[in-house]
Amino acid sequence: MSIALDSSTAAAAAAAAMPSPTRARIAALLALPLPELIFQAQTVHRQHFDPTQVQISTLLSIKTGGCPEDCGYCPQSAGFDAGVPASKLMDIAPVLEAAQRAKDAGAQRFCMGAAWRSPKDHDLDRVAAMVEGVKALGMETCVTLGMLRPDQAARLKSAGLDYYNHNLDTSPEFYGSIITTRTYQDRLDTLAAVRDAGINVCCGGIIGMGEDLDDRAGLLATLADLDPPPESVPINALVAVKGTKLGESAPIDPIDFVRTIAAARISMPKSWVRLSAGREALSDEAQALCFLAGANSIFYGDTLLTTANPAAARDNALFDRLGMTKLS
């Protein structure tokens, strides 16, 4: 038996099924011929940034492994046998020593990551002390600790935290295929708590987890529709780690990755767009295309939490070849 809808109900149903204007616009961008997409992205990029400068961040895992979440890409999940043993939260002194080395190597921002679902308050006290210590070195600070309550975000703000990283990972529709232990709304709630505390938002996603082009458009649209959009947008290429749910995934096409970078730049003109995980697998030529597409930030150093990253010497040589410089 069919049920006839009145005109207002039918219109509402049709509107709910339609992609948002931002999502439709980004999907159209992703479908453009690559030369046109790069041209548009570079045009937008030059309106807001020096295209020859790259912002440098360094990431340190301050608490590794043993995470109760089931993120299908993550070797730090306790549910996967990916060869990453659990460790305790680091002491403050070695963290500050690592931050000083990062600063000496040219990093502006020092990011600290802990494999937690959410931090316990007594652990947050030590993290806050780390933030204060890194700030005292004259560096920007960023942490990623999982979900936060508003009072925890306020505590980190009082310690001087500049950025909080909490990635959306993928589109709302595809999210449940990758993670079941927390919801998309959980992530949005943490971002709201961070923003309300006055901390800059670092939020992006991962490409190559089996999502389609509409999912990529959905991720970027969700980010762009945040008010305001994230100040920093890390775009990761999946690093397929054996033992994880996505450990047998095929590598992403580098051109598809470049397209995502370009669409991120156009849709979030004033954000720092960062090449993050997966950069080790990109050729110098692919990275050069990413910079042309509007990427203007990288993680610098040999390791990103638990996965490989290009050596600093390789990055410096690439910058020299491209005539690009680190933002000072």
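Scroll up a little and you will see the structure.
Note that this is a predicted model, so its numbers are computed, not measured. (Residues numbered from 1 in each chain as written. Predicted model: local features only at pLDDT ≥ 70, side-chain atom pairs only at ≥ 80, totals over all residues. Heavy atoms only, no water.)

Draft legend 1. Quick look at the packing of aromatic side chains. Scanning the entire structure with this criterion turns up three aromatic pairs. On the basis of an interplanar angle of 55° and a centroid distance of 4.7 Å, the ring pair of Phe49 and Trp272 is categorised as tilted. In this pair, Phe49 sits in the loop between helix H3 (34–48) and strand S1 (53–63) while Trp272 sits in strand S8 (residues 272–275), placing the two residues 223 residues apart along the sequence. Ring plane angle 80° and centroid distance 5.2 Å describe the contact between Tyr175 and Tyr184, whose orientation is recorded as edge-to-face. A cation sits over an aromatic face here: Arg109 above Tyr163, 3.7 Å from the ring centre. One residue, Arg274, lies across the ring of Phe299, its end atom 4.7 Å from the ring centre. (Phe/Tyr/Trp six-rings, centres within 6.5 Å; stacked < 30°, edge-to-face > 60°. Helix = DSSP H or I, 4+ residues; strand = E, 2+ residues; numbered from the N terminus. Lys NZ or Arg CZ within 6 Å of the ring centre and 35° of its normal.)

Draft legend 2. Structural view of the pattern of salt bridges. All chains considered together, the criterion is met by 16 salt bridges. Measuring nitrogen to oxygen at the nearest pair gives 3.1 Å for the salt bridge that ties Asp121 to Arg149. Residue Asp121 is found in helix H5 (residues 121–136), and its partner Arg149 is found in the loop between strand S3 (140–144) and helix H6 (150–158); the two are separated by 28 residues along the sequence. One salt bridge connects Glu231 with Arg195, and the closest N-O pair in it is separated by 2.8 Å. Residue Glu231 is located in the loop between helix H9 (213–224) and strand S7 (232–237), and its partner Arg195 is located in helix H8 (residues 184–196); the two are separated by 36 residues in the primary sequence. Connected via shared salt-bridge partners are Arg23, Glu173 and Asp214. (Salt bridge = Lys/Arg side-chain N within 4 Å of Asp/Glu carboxyl O.)

Draft legend 3. Expanded view of the nonpolar core. Counting residues in each nonpolar core, the largest one holds 89 residues, and the members touching the most others are Tyr73, Phe110, Leu156 and Phe257. Residues within four places of Phe110 in sequence aside, it is in contact with Thr58, Leu60, Val95, Ala98, Ala99, Ala102, Val134, Met139, Glu140, Thr141 and Cys142. The next biggest cluster of nonpolar side chains, apart from the first, holds six residues, and it includes Cys111, Tyr163, Cys202 and Phe299. (Core = buried A, V, L, I, M, F, W, Y, C linked by side-chain atoms within 4.5 Å. Buried < 20%, exposed > 50% of the residue type's maximum accessible area, 1.4 Å probe, protein only. Contact = heavy atoms within 4.5 Å.)

Draft legend 4. Just the environment of Arg314, in detail. Tracing the chain through its elements places Arg314 in helix H12 (residues 312–322). Arg314 sits 27 residues away from Gln287 along the chain, and the two C-alpha atoms are 12 Å apart. In contact with Arg314, other than residues within four places in its own chain, are Arg279, Glu280, Leu282, Ser283, Asp284 and Gln287. At a separation of 3.2 Å, a polar atom in the side chain of Arg314 contacts the side chain of Asp284. (Polar contact = N/O pair within 3.5 Å; in protein donor to acceptor, adjacent residues only side chain to side chain.)

Draft legend 5. Quick look at the packing of H5 against H6. Relative orientation of the contacting elements H5 and H6 amounts to 20°, with a least axis distance of 9 Å. Here H6 runs roughly parallel to H5, going by the angle between their axes. The handedness of the crossing between H5 and H6 comes out as right-handed. Of the residues in H6, those touching H5 at Asp121, Leu124, Asp125, Val127 and Ala128 are Gln152, Arg155 and Leu156. Grouping the constituent residues of the contact of H5 with H6 by class yields four nonpolar, one polar and three charged. (Axes fitted to C-alpha atoms, helices over the stretch in contact; angles between N-to-C directions. Parallel < 35°, antiparallel > 145°, perpendicular 65-115°, else oblique. Left-handed = near helix turned anticlockwise from the far one by under 90°. Nonpolar A, V, L, I, M, F, W, Y, C, P; charged D, E, K, R; others polar.)

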